[in-house]
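What the coordinates show
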Amino acid sequence: GEEVAQTPKHLVRGEGQKAKLYCAPIKGHSYVFWYQQVLKNEFKFLISFQNENVFDETGMPKERFSAKCLPNSPCSLEIQATKLEDSAVYFCASSQSWDRMNTEAFFGQGTRLTVV
Amino acid sequence: AQSVTQLDSQVPVFEEAPVELRCNYSSSVSVYLFWYVQYPNQGLQLLLKYLSGSTLVKGINGFEAEFNKSQTSFHLRKPSVHISDTAEYFCAVSDPTSGTYKYIFGTGTRLKVLA
């Protein structure tokens, strides 16, 4: 598609429940990024993929967060045993490449996760 | 590590007045610089980017920004704002030498255009 599609738009989970978020990058884009936006304005990088391979996972909390980008499937971000502090908007972005011509990330609309 | 500072959390301005939103970054090494806009309950939309070359960059919706290496700044400007420009504006940096391609974002500036 021509835009980054994230589902669901909203997700409510009780503390301790699992949350799974999906992202379909723009067709032809090799890189996928996940960011967490907390307190409305603070963006935190979580993880990036180059095709189905993890490219940079330096921002991922080690214990409860995992992510995948499998061929012919949307990418996913999963949070096991959610905590109140996981409440945030999770943005997915994709990029065609990262050379001088194509250095730009296109963002989805985000998934608002509320943990109650 | 790179950091981005947007000193103004809110900027109120009257319609048709000029505006400047400030952005400073921490490192003087080669960087890529971006300005994104976020409308309520929306994702981020790219306004403009600086990768190399001319220090004055023109973007969409009449916005422009100037890269100043000595000041490590990348301020966003518009000569005449509209009500529809009311939104959150984020400055972001990417370090092309790091090999990670991730953005480091500032904390955003809320532009409120008043009638």
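This part is about the overall build of chain A. For chain A, the count of helices and strands is 0 helices and 11 strands. Along chain A, from the amino end to the carboxyl end, the secondary structure elements read β-β-β-β-β-β-β-β-β-β-β. In summary, chain A has a C-alpha radius of gyration of 14 Å against a globular reference of 13 Å for 116 residues, a match within 12%. Considering chain A as a whole, with its 116 residues, one finds that 49% of them fall into the buried category.

This brings us to the overall build of chain B. Looking only at helices and strands, chain B features 0 helices and 12 strands. Put simply, chain B runs from its N terminus to its C terminus through helices and strands in the order β-β-β-β-β-β-β-β-β-β-β-β. For chain B, the C-alpha radius of gyration of 14 Å lies close to 13 Å, the compact-globule estimate for 115 residues. Projected onto its principal axes, the C-alpha coordinates of chain B cover approximately 45 × 30 × 20 Å. Here chain B, with 115 residues, has 48% of them falling under the buried criterion. A separation threshold of at least 6 residues defines the contact pool for chain B, and within that pool the share at least 24 residues apart is 56%. Accessible surface for chain B amounts to roughly 5300 Å². Of this, 50% is attributable to carbon and sulfur atoms. Computing the positive centroid from 9 side-chain charges and the negative centroid from 9, chain B places the two 5 Å apart.

Let us now look at the state of the cysteines. Two cysteines form a disulfide when their sulfur atoms are joined by a covalent bond. Residues and elements named next belong to chain B. Applying the stated criterion across every chain yields a total of 3 disulfides over all chains. In this model, C23 is linked to C91 through a disulfide, with the two sulfur atoms separated by 1.9 Å. As the torsion about the S-S bond is roughly -65 degrees, the C23-C91 disulfide counts as left-handed. Here C23, found in the loop between β3 (19-21) and β4 (24-25), pairs with C91, found in strand β10 (residues 87-94); they are 68 residues apart in sequence, far enough to count as distant. Here C91 falls in the buried class, since its relative accessible area comes to 0%. Within chain A, bonded cysteines paired by disulfides and numbered along the sequence follow the pattern 1-4, 2-3.

Tallied over the full model, the rule gives 21 aromatic pairs over all chains. Between the aromatic rings of Y50(B) and F67(B), the centroid separation amounts to 4.3 Å while the plane-to-plane angle is 20 degrees, which identifies the pairing as stacked. Taken as a pair, Y50(B) in strand β6 (residues 44-50) and F67(B) in strand β8 (residues 64-68) lie far apart in primary sequence, 17 residues in all. Residue Y50(B) is classed as buried on the basis of its relative accessible area of 9%. Owing to a relative accessible area of 11%, F67(B) belongs among the buried residues under this scheme. Ring-pair connections join several aromatic residues into one group, and the members of that group are Y35(A), F43(A), F45(A), F91(A), F107(A), F34(B), Y36(B), F90(B), Y103(B) and F105(B).

This part takes up the layout of surface pockets. Residues and elements named next belong to chain A. Its boundaries defined by the atoms lining it, the largest pocket holds a volume of some 480 Å³. Put simply, the parts of the chain that give the lining of the largest pocket at least two residues each are β4 (31-38), β9 (88-95) and β11 (111-115). It is β11 that provides the largest number of residues to the lining of the largest pocket, a total of 4 residues. For the lining of the largest pocket, the per-class residue count stands at 8 nonpolar, 11 polar and 5 charged. Approximately 240 Å³ is the volume found for the second largest pocket. If you trace the second largest pocket, you find 16 residues lining it, with P25, L70, N72, S73 and C75 closest to the centre. Taken together, the residues of the lining of the second largest pocket break down into 9 nonpolar, 5 polar and 2 charged.

Further remarks concern the interface of chain B and chain A. Every contact between the two is made by 24 residues of chain B and, on the other side, 23 residues of chain A. Here chain B packs against chain A, burying approximately 2100 Å² in sum over the two surfaces, 54% of which is carbon and sulfur. The largest share of the area that chain B buries against chain A comes from Y101(B), K102(B) and Y103(B), three residues that together contribute 27% of it. Where chain B touches chain A, the interface holds 1 salt bridge. Salt-bridge contacts for K49(B) lead to E104(A); the nearest nitrogen and oxygen are separated by 3.5 Å. Scanning the region where chain B abuts chain A turns up 5 residue pairs in polar contact (both at pLDDT 80 or more). If you list the elements that add at least two residues to the side of chain B that touches chain A, you get β5 (32-38), β6 and β10 of chain B. For the side of chain B that touches chain A, the element with the highest residue contribution is β5(B), accounting for 4 residues. Residue classes in the side of chain B that touches chain A are distributed as 10 nonpolar, 10 polar and 4 charged.

Conventions adopted
Residues numbered from 1 in each chain as written. Chains lettered and ligands numbered in written order. Predicted model: local features only at pLDDT ≥ 70, side-chain atom pairs only at ≥ 80, totals over all residues. Heavy atoms only, no water. Helix = DSSP H or I, 4+ residues; strand = E, 2+ residues; numbered from the N terminus. Rg over C-alpha atoms; globule rule 2.2 N^0.38 Å. Buried < 20%, exposed > 50% of the residue type's maximum accessible area, 1.4 Å probe, protein only. Contact = heavy atoms within 4.5 Å. Areas by Shrake-Rupley, 256 points an atom, 1.4 Å probe, with all protein chains shown as cover. Lys, Arg positive; Asp, Glu negative; His and termini not counted. Charge placed at Lys NZ, Arg CZ, Asp CG, Glu CD. Disulfide = S-S within 2.5 Å. Phe/Tyr/Trp six-rings, centres within 6.5 Å; stacked < 30°, edge-to-face > 60°. 1 Å grid on protein atoms, 1.4 Å probe; cavity = no way out; pocket = protein on both sides within 12 Å on 5 of 7 lines; lining within 4 Å. Points joined across faces, edges and corners; volume = space filled by probe spheres on them. Nonpolar A, V, L, I, M, F, W, Y, C, P; charged D, E, K, R; others polar. Buried area = accessible area lost by both parts, 1.4 Å probe. Salt bridge = Lys/Arg side-chain N within 4 Å of Asp/Glu carboxyl O. Polar contact = N/O pair within 3.5 Å; in protein donor to acceptor, adjacent residues only side chain to side chain.

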